[in-house]
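# Structural characterization, general
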Amino acid sequence: MVDRPLPSVIDNRRAVQRVLLITLALNLAVVALKATVGWMTGSLSLLADALHSVTDSANNVLGLATNRLANPRPDRDHPYGHQKFEAIGALGIAAFLGIACFEILKSSVERIISGGNPVTMSATALWIMLLVLGINIFVATYERRVGLALNSKILVADAHHTMSDIWTTIVVIAGLIGVWQGLTWLDIALAFPVALLVFKSGWTVLRDNLPWLVDEMAIAPEAIHKQVMQVPGVVNCHSIASRGLLGRQVFIDMHLVVQPTDIRAAHTVTEAVEDRLEELYGPARITIHLEPREYTEEAITY
């Protein structure tokens, strides 16, 4: 069995925390700017957008908490490591997005039914919103780039969320320009696509993280079988299973039949198999069950 988590994987946690702290500060600035402009103008879509940005900040706090728990090193109570905490944090982000979507829709319907104060617009408000848009673009690009480089699900998920905030802000700015030109109904009408963008972002995060939590297959058993059969001394392998996340940590189990009959030579073959799989799919923890030379099995997986 191979258990060699890369030192860089552990160091990545500190880098992820640093990125989350930077984006938290920027997201709090965005919330303050949107809330100020929303209060000044009375824009429903802008106040809803500010609510969306509140979830950005909450996501950063959640990410900091889960990243601190998502230690790749195993311990007595968690012999397979703690990395699923990060996926749980990403699901928390999806939940925040669902709440934001509901609040946007509820506020829009209430405005349609009961009406409200007219929206007022100024050039200053539009310039502030353009500044907010620039901050959001920087945050999303920065988080996604670093998240992909570090293989951090929490950063990539948060970047998805911030990307939805970019589109939301663009829609809101378009609505505010329309209100400035006298199209007051645009403020409410554009609040609905804002909700749809938020929902889509939440669904993407949910879809990307559930397979990891439910131990969905990480590597096709046929691909593992093909690689193992190329190792000298291997006769057959079957009952292949894998789970985890490629590039982060995968777990591979299999039954193996080898040509040598003495335990030392058979062990040498299994180590060659482990080294090959570690090179291709690592970091990996590989468990191999040796079977007698005469054993035959047609099915390569369950």
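As a reminder, the structure under discussion sits directly above these lines.
Summarised in this report is the structure supplied together with it.

Regarding its fold elements, the protein presents 9 helices and 3 strands. Listing every helix and strand of the protein by position from the N terminus yields α-α-α-α-α-α-α-α-β-β-α-β. Rg of the C-alpha trace for the protein: 25 Å, well past the compact-globule value of 19 Å for 302 residues, more than 25% over. Taking the principal axes of the C-alpha coordinates as reference, the protein spans close to 85 × 35 × 30 Å. Here the protein holds 302 residues, and 48% of them are scored as buried.

At their nearest, the axes of helix α3 (residues 84-114) and helix α7 (residues 191-213) sit 8 Å apart, and the two run at 160 degrees to each other. What the angle tells us is that α3 and α7 run roughly antiparallel. Both α3 and α7 take part in a crossing whose hand is left-handed.

Residue placement: F199 occurs in helix α7. For F199 and G178, which are 21 residues apart along the polypeptide, the C-alpha to C-alpha distance reads 24 Å.

Once that is clear, we can look at the pattern of salt bridges. Counted under the stated rule, the structure contains 1 salt bridge. Close ionic contact of D215 with R243 constitutes a salt bridge, the shortest N to O distance being 3.9 Å. With D215 in the loop between α7 and α8 (221-228) and R243 in strand β1 (residues 234-245), this residue pair connects regions lying 28 residues apart in the sequence. Its relative accessible area of 34% is what places D215 among the partly exposed residues.

A word on the side chain of T270. Mapped onto the elements, T270 comes out in helix α9 (residues 263-281). For T270, a relative accessible area of 7% translates into the label buried. A distance of 2.7 Å separates a polar side-chain atom of T270 from the backbone oxygen of H267. Excluding anything up to four places from it in sequence, T270 contacts L256, I288 and L290.

With that settled, the discussion passes to the environment of G202. Relative to the elements of secondary structure, G202 occurs in helix α7. For the pair G202 and F96, spaced 106 residues apart in the sequence, the C-alpha separation amounts to 8.1 Å.

The terminal C-alpha atoms of helix α4 (residues 123-150), which comprises 28 residues, lie 41 Å apart, in line with the 40 Å expected from a rise of 1.5 Å per residue. Remark: N151 follows α4 within two positions and exhibits a positive phi of approximately 55 degrees.

Our focus in this paragraph is unusual backbone geometry. If you check the backbone angles, D215 has positive phi at about 60 degrees while not being a glycine. Although it is not a glycine, S239 sits at a positive phi angle of roughly 50 degrees. As for its placement among the helices and strands, S239 is situated in strand β1. Classification of S239 as buried rests on a relative accessible area of 16%.

I104, M129, L155 and L176 are the most contacted members of the largest nonpolar core, which totals 38 residues. Listing elements by their share of this core, those giving two or more residues are α1 (7-41), α2 (44-69), α3, α4, α5 (153-180) and α7. Other than its neighbours up to four places away in sequence, L155 contacts V16, V19, L20, E143, V146 and G147. Within the second largest apolar cluster, 20 residues are counted, among which are V250, V269, L277 and I286.

What follows covers the environment of I22. You can see I22 is positioned in helix α1. The class of I22 is partly exposed, set by a relative accessible area of 35%. In sequence terms I22 and N60 are 38 residues apart; their C-alpha atoms lie 9.3 Å from each other.

Another aspect to go through is α9. Here α9 is 19 residues long and its end C-alpha atoms lie 26 Å apart, about the 27 Å a rise of 1.5 Å per residue gives. Of all the residues in α9, the buried ones are A266, V269, T270, V273, E274, L277, E278 and Y281.

Criteria and cut-off values
Residues numbered from 1 in each chain as written. Predicted model: local features only at pLDDT ≥ 70, side-chain atom pairs only at ≥ 80, totals over all residues. Heavy atoms only, no water. Helix = DSSP H or I, 4+ residues; strand = E, 2+ residues; numbered from the N terminus. Rg over C-alpha atoms; globule rule 2.2 N^0.38 Å. Buried < 20%, exposed > 50% of the residue type's maximum accessible area, 1.4 Å probe, protein only. Axes fitted to C-alpha atoms, helices over the stretch in contact; angles between N-to-C directions. Parallel < 35°, antiparallel > 145°, perpendicular 65-115°, else oblique. Left-handed = near helix turned anticlockwise from the far one by under 90°. Salt bridge = Lys/Arg side-chain N within 4 Å of Asp/Glu carboxyl O. Polar contact = N/O pair within 3.5 Å; in protein donor to acceptor, adjacent residues only side chain to side chain. Contact = heavy atoms within 4.5 Å. Expected span 1.5 Å × (residues − 1). Core = buried A, V, L, I, M, F, W, Y, C linked by side-chain atoms within 4.5 Å.

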